[in-house]
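Report on the structure
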Amino acid sequence: MPQIFRNASGGQIDRSKLLRFTFDGKDYTGYRGDTLASALLANGRRLVARSFKYHRPRGIISAGVEEPNALVELRTGARREPNTRATTVELFDGLEASSQNRWPSLKFDILSANQIVAPFLSAGFYYKTFKWPPSFWEPVYEKIIRRAAGLGRVAERADPDTYEKANAHCDLLVIGSGPAGLAAALTAARAGARVIIADEGSRFGGALLSERVAIDDKNGDAWTDAAIAELESMPQVRMFARTTVFGRYDAGTYGLIERVADHFPEPPAHTPRQILWRVFAKRSILAAGAIERPIVFGDNDRPGVMMAGAARAYANRYAVQAGKKVVVCGNSDDVARTVSDLGAVGAKVVAVVDTRADAHTADVGRPIYRNSVVRRALGGQYVQAAEIGEVGSGISTENVECDAIVVSGGWSPNINVATHLGQRPTYNPEVVGFTMPEKLGEMTVAGAANGVYDTAGCLQAGERAATVALSALGMTPKDAVVARDIDEGPHGNLEAFFHVTGAEGKCFVDFQNDVTDKDLKLAVKEGYDSAEHAKRYTTFGMATDQGKTGSLNGAAILADALNATIADVGVTTARPPYTPVALGAWGGHAVGAEFMPTRRTPMHAWHEEHGAVFVEAGLWYRPAYYLRSGEKDWLEASDREVLATRGSVGICDVSTLGKIDVQGSDAGVFLNKLYINGWTKLPVGKARYGLMLREDGMVMDDGTTSRLAEDHYIMTTTTANAAGVMAHMEYCHQVIWPELDVQYVSVTEQWAQMAIAGPKSRDVLSRIVDDFDISNEAFPFMGAAELTILGGMPARLFRISFSGELAYELAVPADYGIEAWKGVMAAGAPYQITPYGLEALGAMRIEKGHAAGQELDGRTTADDLGLGGMMSKAKDFVGKTLSGRPGLVDPMRPKMVGLRPTDTTQRVNAGAHLLPHGAEKVIANDQGWISSAAHSPVLDSWIGLGFVKNGRNRLGERLLAVDFVRGREYEVELVSPHMVDPKGEKLHA
Amino acid sequence: MRIDCPYCGLRSIEEFTVRGELPKKRPAADAGIPAYVDYQYHDKNPRGRNIEFWQHTGGCRAWLMVERDTITHEIFSVTDVREAS
């Protein structure tokens, strides 16, 4: 299909580069330099979308990011991207786009019948209709709404592209590269300031690219090209094209999204799709231009109705005619400029409609209707005629046949990004728009974004804003941006006009969310009389375009309905992002395995080689169990590991435990503050179990700490809490007890540590220690020593036990970890030493009634765990006072107990609640819960730990475990948590 | 937001961890439950200027007193708690 709406010459497109693309499967062509929108228009493609609620036919109304209608699905497969604005998509060869929100096809959309039932789809429709009965919401209403009101479809496969995050710093960030932005950047850069200038477009120049402007005898392009070339030549300037400044955050922080490769079918090799920039700017200038607003008239959404500025942009930049027979309607001298630009590309202007009684546009040479307005667009899937009538008359007097209606209600300063920190814009009647106050922290608003619409004024405003910025930076401007001879079309003399009253048809205020003038009036009638309330009730301004085109018209209509002024009504709050930012960009590289850092112990490779199945413990990877050939599942492996350890000897990698080295003359005193039990009297060469509380009296962490010298302790924490305990220690020391002479450092990663447990553990270790008496007498339970092993390897040995067996923990510097592990394995071979993982470790600690993470959940006290007796009465410690609160010493609190199913074939699961037999299964009858569960091969039964009200005095009682999640119930008996070797005889052997 | 750490200079927010409002001094060991409840739970939570505890967790690990406006996030002063008297 030929590009019948493309002029043979002109524009900034490269006619030597023909690009093929498809829309809804149909083949079209365009040129390099086109957007998808300009190429569709060149091909005469008007109908491009169906609207959100009514499924009305929609066309392209803008040429920029504000586009509310022409949202399309771009690409296919894993790169399919919904809701992209055709007006900002750069055309590339092979582009595939399709319309969305229609079924079965764009031309014939069954749900457009919604228009017929439109009276029921008015403001607050969802709130009014779908609230009863409540049981219908999820199964019925939500499904219907989602099918009917969805926008595009997201890709159903993982995004194959990469995204990056980066930071940049500058003296001045210039947002926008129209005349104001370029003048500002030039002024600041010439003075030596470090400048970043960003523009969302593929080329710099802003309005200079789309309007016919001659600066200093050059056409707009040439001046712009020279300005860009000068900026590019300066090393202190960074230029970001295809980059949107989407958010302003505190202290001069800005969010930018650079679309590095969106204009290619797929990113070139080693190139990210997009980069999310965080820019720290000492000063900024918002020169984001202005957004043209429509006039609200009947059926103003018919394909073929277009903004005048967009029609000029398509004519001047892309050599595309908005129509063959065009009606131009407006309320300022922009009308004349539009007529002239359209004529230049061969579009016939059949009527000029001006709301002003004294319109100066007599010289346009077309039939002119003064004091008149287009009251309604006639036609179905595209415009066929404009209904024209006098302003305020309430009647239409003439129909003019046309295929396009080009309309302007004036421009609204694009202040969006300036408002992100909460500053409110004020209504400026001279501008007929909302502008920002001058005092805006580090930001200055300049040019059209501040209501200045002529090129000379924008150049001056940019220069002035840069001078203000330079002065704040302590710099002085050097060379002025001299451009004083400017020739551009007529503009200005605007007379405010927002809304045709009494028009037939639907008068849309918010195209993207299908909100009409009637909806806003209804909202007011029903009491939603603030802009923020009306917005939420009608969803006006709440679509992805955030009401960029419609907000002032909406405010004007609300003001009318409320008998108030636009200033009284105000505008709704804009929030970042200015335009949608893909989630992939926020994720950057932090996806999949790179989502978090990975921590591996020094023995990781050995575990891998020996069949370990890993489990993530925080950032760590730990062996859960070692699966041997012939074993069918984790349970079989875990049971084997437990029995081997309890029967002979096992070895477990415990390097992930937090290790903190504490030194100084007050080290013991400091530990006294942190732990509920005492440390100053711990002899050198001894280890002790410690429990620490938060200041609110709840248990924070536990672990074993050993005294290596008078002023030297080595503390261990649980794997999960290592970082938190370190920060807690720093807080206690720096803030509460700074007078203490103590230093401490995390040595978690400096030491590899392994538990060697089981009745044969001493025999194994005796074979690798160098000249060290490891006998029970010389090195009893809770001994701690520094020694060497395997002929000179430095090591620390602790006789401590989590499994309840005769056991040791051996620590060596991390780089020796694998050698030490192999040495122990070799020494243990005669005893069939068995590596065990977290499952077996868990089973053994539950058999012994040792609390772990599931029990230390931030809601338990020391006494809840049965460790209340450890609390020293002789000293102060963190949490001492508040742990004495009445609620925390209530004997009826849930206390930790052991749990055994009365039917030993029943599996026990953590999470089940415990209730008396026969009691109604409601929370009021709840007696407690199961916190941990494991299979005990020793007892040949599932077992658990749990918390039961007053549990320690209820041993022997039977309760019903109710597991709503798994739909199971079984009886358990309350027992002592010490279910294996309750007297600890093995420990001391 | 950035915090000007007295040791590391102006650093980005993600290097810091906030603990909350600067509490009163930790009460004496025998001050009793009400004094500790006040210390632990009762914050002023003002709108506007406030002094907060932040730790430079991703840097020098110092606990800092940061005087900050809770509305604008403007930071007025940053002091190491050990330097503050």
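Residues numbered from 1 in each chain as written. Chains lettered and ligands numbered in written order. Predicted model: local features only at pLDDT ≥ 70, side-chain atom pairs only at ≥ 80, totals over all residues. Heavy atoms only, no water.

Structural notes on the overall build of chain B
Of the regular secondary structure elements, chain B holds one helix and six strands. Sequence-ordered secondary structure for chain B, helices as α and strands as β, is β-β-β-α-β-β-β. Dimensions of chain B, computed from C-alpha atoms along their principal axes, come out at roughly 40 × 25 × 20 Å. Here chain B holds 85 residues, and the buried ones make up 34% of them. (Helix = DSSP H or I, 4+ residues; strand = E, 2+ residues; numbered from the N terminus. Buried < 20%, exposed > 50% of the residue type's maximum accessible area, 1.4 Å probe, protein only.)

A few points about the overall build of chain A
Within chain A, the secondary structure is distributed over 22 helices and 50 strands. With respect to the principal axes defined by its C-alpha atoms, chain A has extents near 115 × 70 × 55 Å. If you take every contact in chain A between residues at least 6 apart in sequence, the share linking residues at least 24 apart comes to 67%. When the accessible surface of chain A is totalled, it reaches about 39000 Å², and 53% of it is carbon and sulfur. Of the charged side chains in chain A, 105 are positive and 118 negative, and the gap between their average positions amounts to 3 Å. (Contact = heavy atoms within 4.5 Å. Areas by Shrake-Rupley, 256 points an atom, 1.4 Å probe, with all protein chains shown as cover. Lys, Arg positive; Asp, Glu negative; His and termini not counted. Charge placed at Lys NZ, Arg CZ, Asp CG, Glu CD.)

What about the interface of chain B and chain A?
The partner chain A presents 26 residues to the 24 residues of chain B that form the contact. Here chain B packs against chain A, burying approximately 2200 Å² in sum over the two surfaces, 52% of which is carbon and sulfur. Arg278(A) is the salt-bridge partner of Glu14(B), the closest N and O atoms lying 2.8 Å from each other. Of all the elements in the fold, those that place two or more residues in the side of chain B that touches chain A are α1 (33–41) and β4 (49–55) of chain B. With six residues, α1(B) is the largest single contributor of residues to the side of chain B that touches chain A. (Buried area = accessible area lost by both parts, 1.4 Å probe. Salt bridge = Lys/Arg side-chain N within 4 Å of Asp/Glu carboxyl O.)

Some words on the sheet that holds strand β44 (residues 834–835) of chain A
All names here are of chain A. The six strands lie next to each other as β41-β42-β43-β40-β34-β44, forming an open sheet whose pairing is mixed. Bordering the open sheet on either side are β41 (784–789) and β44, each of which pairs with just one other strand. The pairing of strand β34 (residues 650–653) with strand β40 (residues 751–757) spans four bridges and is classified as antiparallel. Considered in β40, the bridge of Cys-652 is made with Ala-755. (Pairing = 2+ DSSP bridges.)

Some points on helix α21 (residues 838–848) of chain A
Residues and elements named next belong to chain A. The buried count for α21 comes to nine of 11 residues, which makes it a mostly enclosed element. When we look at burial in α21, the residues that qualify are Ala-840, Leu-841, Gly-842, Ala-843, Met-844, Arg-845, Ile-846, Glu-847 and Lys-848. For α21, the secondary structure elements touched by its buried residues are α16 (634–647), β34, β47 (928–936) and β48 (941–949).

Considering the packing of aromatic side chains
Overall, the coordinates contain 19 aromatic pairs over all chains when judged by the stated rule. For the ring pair Trp606(A) and Tyr626(A), a centre distance of 6.4 Å and an interplane angle of 70° mean the geometry is edge-to-face. In this pair, Trp606(A) sits in helix α15 (residues 604–609) while Tyr626(A) sits in strand β33 (residues 620–626), placing the two residues 20 residues apart along the sequence. Residue class for Trp606(A) comes out buried when judged on its relative accessible area of 6%. Centre to centre, the rings of Tyr731(A) and Trp63(B) are 4.9 Å apart; their planes meet at 80°, and the pair counts as edge-to-face. Of this pair, Tyr731(A) sits in helix α18 (residues 722–736) while Trp63(B) is found in strand β5 (residues 63–69), placing the two residues in two different chains. Taking relative accessible area as the criterion, Tyr731(A) reaches 3% and is therefore assigned buried. (Phe/Tyr/Trp six-rings, centres within 6.5 Å; stacked < 30°, edge-to-face > 60°.)

Observations concerning the pairing of β48(A)
Residue and element names in this part refer to chain A. Burial analysis of β48 places eight of its nine residues in the buried class, the great majority of the element. Alignment of strand β45 (residues 894–901) against β48, held across six bridges, turns out to be antiparallel. Each residue of the ladder has a partner; that of Gly-898, found in β48, is Leu-945. Pairing between β47 and β48: eight bridges, direction antiparallel. Looking at the pairing, Trp-929 lines up with Phe-947 of β48. Hairpin connection, β47 to β48: the antiparallel pair is bridged by four residues, and Asp-940 has positive phi, about 50°.

Here we look at the side chain of Thr444(A)
All names here are of chain A. Positionally, Thr-444 belongs in strand β28 (residues 443–445). Here Arg-283 takes part through its side chain, which lies 3.4 Å from a polar atom of the side chain of Thr-444. Once residues lying within four places of it in the same chain are set aside, the contact partners of Thr-444 are Arg-283, Ser-284, Ile-285, Leu-286, Ala-465 and Val-468. (Polar contact = N/O pair within 3.5 Å; in protein donor to acceptor, adjacent residues only side chain to side chain.)

Digging into the packing of helix α4 (residues 179–190) of chain A against helix α9 (residues 455–472) of chain A
Residues and elements named next belong to chain A. At a minimum axis distance of 7 Å, the contact between α4 and α9 shows a crossing angle of 35°. Of the two elements, α4 crosses α9, and the hand of that crossing is right-handed. Contact residues: α4 offers Pro-179, Ala-180, Ala-183, Ala-184, Thr-187 and Ala-188, while α9 offers Thr-455, Cys-458, Leu-459, Gly-462, Glu-463, Ala-466, Thr-467 and Leu-470. Of the residues that constitute the contact of α4 with α9, the class distribution is nine nonpolar, four polar and one charged. (Axes fitted to C-alpha atoms, helices over the stretch in contact; angles between N-to-C directions. Left-handed = near helix turned anticlockwise from the far one by under 90°. Nonpolar A, V, L, I, M, F, W, Y, C, P; charged D, E, K, R; others polar.)

Quick notes on the environment of Val339(A)
Summarising the element assignment, Val339(A) is placed in helix α8 (residues 334–344). Through-space distance from the C-alpha of Val339(A) to that of His55(A) is 32 Å; in sequence the pair is 284 residues apart.

Quick word on the pattern of salt bridges
Note that side chains of opposite charge can pair when their charged atoms are close. Residues and elements named next belong to chain A. According to the stated counting rule, one finds 59 salt bridges over all chains in the structure shown. Residue Arg-845 is joined to Glu-855 by a salt bridge in which the shortest nitrogen-to-oxygen separation is 2.7 Å. Of this pair, Arg-845 sits in helix α21 while Glu-855 is found in the loop between α21 and α22 (886–889), placing the two residues 10 residues apart along the sequence. This pair shows no difference in class: Arg-845 is buried, exactly as Glu-855 is. Each of Arg-56, Arg-58, Asp-299, Asp-301, Arg-376, Glu-504 and Asp-514 takes part in a single network of salt bridges with overlapping partners.

Focus on the side chain of Asn331(A)
Residue and element names in this part refer to chain A. Tracing the chain through its elements places Asn-331 in the loop between β18 (325–330) and α8. In terms of polar contacts, Asn-331 uses its side chain to reach the backbone carbonyl oxygen of Gly-409, at 3.2 Å. A polar side-chain atom of Asn-331 sits 2.9 Å from the main-chain carbonyl oxygen of Glu-495. Setting aside anything within four residues of it in sequence, one finds Asn-331 in contact with Asp-354, Thr-355, Arg-356, Ser-408, Gly-409, Gly-410, Asn-493, Leu-494, Glu-495, Ala-496 and Phe-497.

Let's talk about the packing of helix α10 (residues 517–525) of chain A against helix α11 (residues 531–538) of chain A
All names here are of chain A. As a packed pair, α10 and α11 sit with axes 10 Å apart at the nearest point and diverge in direction by 120°. Between α10 and α11, the interaxial angle falls into the category oblique. Classified by chirality, the crossing of α11 by α10 is right-handed. Contact residues: α10 offers Asp-519, Leu-520 and Ala-523, while α11 offers Ala-534, Tyr-537 and Thr-538. Along the lines of polarity and charge, the residues of the contact of α10 with α11 split into four nonpolar, one polar and one charged. (Parallel < 35°, antiparallel > 145°, perpendicular 65-115°, else oblique.)

Quick notes on the nonpolar core
All names here are of chain A. In this structure, Val-279, Phe-297, Val-327, Val-374 and Ile-405 are the most contacted members of the largest nonpolar core, which totals 77 residues. For Ile-405, the contacting residues outside a window of four places in its chain are Phe-297, Gly-304, Val-305, Met-306, Val-327, Val-374, Ala-377, Val-383, Ala-385 and Ala-386. In this structure, Ala-42, Ala-49, Ile-61 and Met-307 belong to the second largest nonpolar core, which totals 49 residues. (Core = buried A, V, L, I, M, F, W, Y, C linked by side-chain atoms within 4.5 Å.)

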